[in-house]
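# Overview (structure and organization)
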Amino acid sequence: MSDRRAAFRALHHAARPLLLPNAWDHASAAALAARGHPAVGTTSLGVAAAAGRPDGEAATAWETLALAGRLAQLPVLLTVDVEAGFSDDPAAVAGYVAELAGLGAVGINLEDGRADGTLAHIDATADKIAAVKAAVPDLFVNARTDTWWLGVADPLPQTLARARAYRAAGADGIFVPGLAEPATLRLLTERIDAPLNALYQPGGPGLNELGRAGVARVSTGSLLFRAALAAAVASADAVRAEEFTAPPTLPSYAEVQRLVTAARPLPSG
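What comes next is a walk through the structure. (Residues numbered from 1 in each chain as written. Predicted model: local features only at pLDDT ≥ 70, side-chain atom pairs only at ≥ 80, totals over all residues. Heavy atoms only, no water.)

## Regarding the environment of Leu71
- The topology assignment puts Leu71 in helix H4 (residues 61–71).
- Residues Leu71 and Asp138, spaced 67 residues apart in sequence, show a C-alpha to C-alpha distance of 20 Å.
- Excluding its chain neighbours within four sequence positions, the residues that come into contact with Leu71 are Asp25, His26, Ala29, Thr42 and Leu78. (Helix = DSSP H or I, 4+ residues; strand = E, 2+ residues; numbered from the N terminus. Contact = heavy atoms within 4.5 Å.)

Printed below as a string of structure tokens:
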């Protein structure tokens, strides 16, 4: 196992949950890395929306690969959201993920939700996971199950069944977005023998409370992208109304330029 992949794996076994902020372009990832985040993920919604494409419909395989190539130059551990793998063919998914790993990604997020709002068959997702692990054994595969996200009936038994199947196929972590209730999260962490990933929800439990529930990793998902989009629109409205006041944290032109010039290649592996 490469040192970088081992380091990423170790972040899931710390005293406090790993906060994984999700970036959508080079600037957002570079800024997060500059703030000291040891790892950064991508957000499929942000990547898709920035490219003018829909999320969750396997429409951004090229954009995701190209972005990963740029972000792998940054001094940060990178994990990539690949939706459902951009293919129904496990071999094609494994080949695509192997390309990401070759660029320097240390992990992926692979989901079982489908564009039509239903869940993929449990075996179909497990087959993809197994193919990826056969191709890149030490890559951290975070298997996302959308049982809560899609609001399926009686999600707990389905979540546990899918978690067991995905773990048996080789998944390293389990991601259950849409669930923020600490007692249920604690139940999942007790019954799933892998690091549990939760999605941060504004107004929901914070990192410390999620950590007490046993959660190992907390992702921001598309939150940062949507917050940046809202801030951009609000700023434009304020300029038009002649009411704009620059926030004290507004980066200067030179600071943004440094985010690009500070990029440096990481060792391969």
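## Looking at the packing of aromatic side chains
- Inspection of the entire model under this criterion finds three aromatic pairs.
- With centroids separated by 5.2 Å and ring planes inclined at 70 degrees, the aromatic side chains of Phe86 and Tyr96 adopt a geometry described as edge-to-face. With Phe86 in the loop between strand E4 (77–81) and helix H5 (90–103) and Tyr96 in helix H5, the pair connects residues that are 10 residues apart, well separated along the chain. Taken as a pair, Phe86 and Tyr96 share a single burial class, namely buried.
- Just above the ring of Trp149 sits the side chain of Arg144; from NZ or CZ to the centre is 5.6 Å. (Phe/Tyr/Trp six-rings, centres within 6.5 Å; stacked < 30°, edge-to-face > 60°. Buried < 20%, exposed > 50% of the residue type's maximum accessible area, 1.4 Å probe, protein only. Lys NZ or Arg CZ within 6 Å of the ring centre and 35° of its normal.)

## Some details on the packing of helix H7 (residues 155–168) against helix H8 (residues 182–191)
- At their nearest, the axes of H7 and H8 sit 11 Å apart, and the two run at 30 degrees to each other. Regarding the angle of H7 to H8, the classification is roughly parallel. Seen along the crossing, H7 lies across H8 with a hand that is right-handed. Facing Leu156, Thr159 and Leu160 of H7, the residues of H8 in contact are Leu187, Leu188 and Arg191. (Axes fitted to C-alpha atoms, helices over the stretch in contact; angles between N-to-C directions. Parallel < 35°, antiparallel > 145°, perpendicular 65-115°, else oblique. Left-handed = near helix turned anticlockwise from the far one by under 90°.)

## Quick word on the pairing of strand E8 (residues 196–199)
- Here E8 shows two buried faces, one formed by Leu196 and Ala198 and the other by Asn197 and Leu199.
- With two bridges connecting them, strand E7 (residues 173–175) and E8 associate as parallel partners. Residue Phe175 lies in a different strand from E8, and its bridge partner there is Asn197.
- The β-α-β motif built from E7, the intervening H8 and the parallel element E8 has right-handed crossover chirality. (Pairing = 2+ DSSP bridges. Right-handed = clockwise from strand over helix to strand, strands pointing away.)

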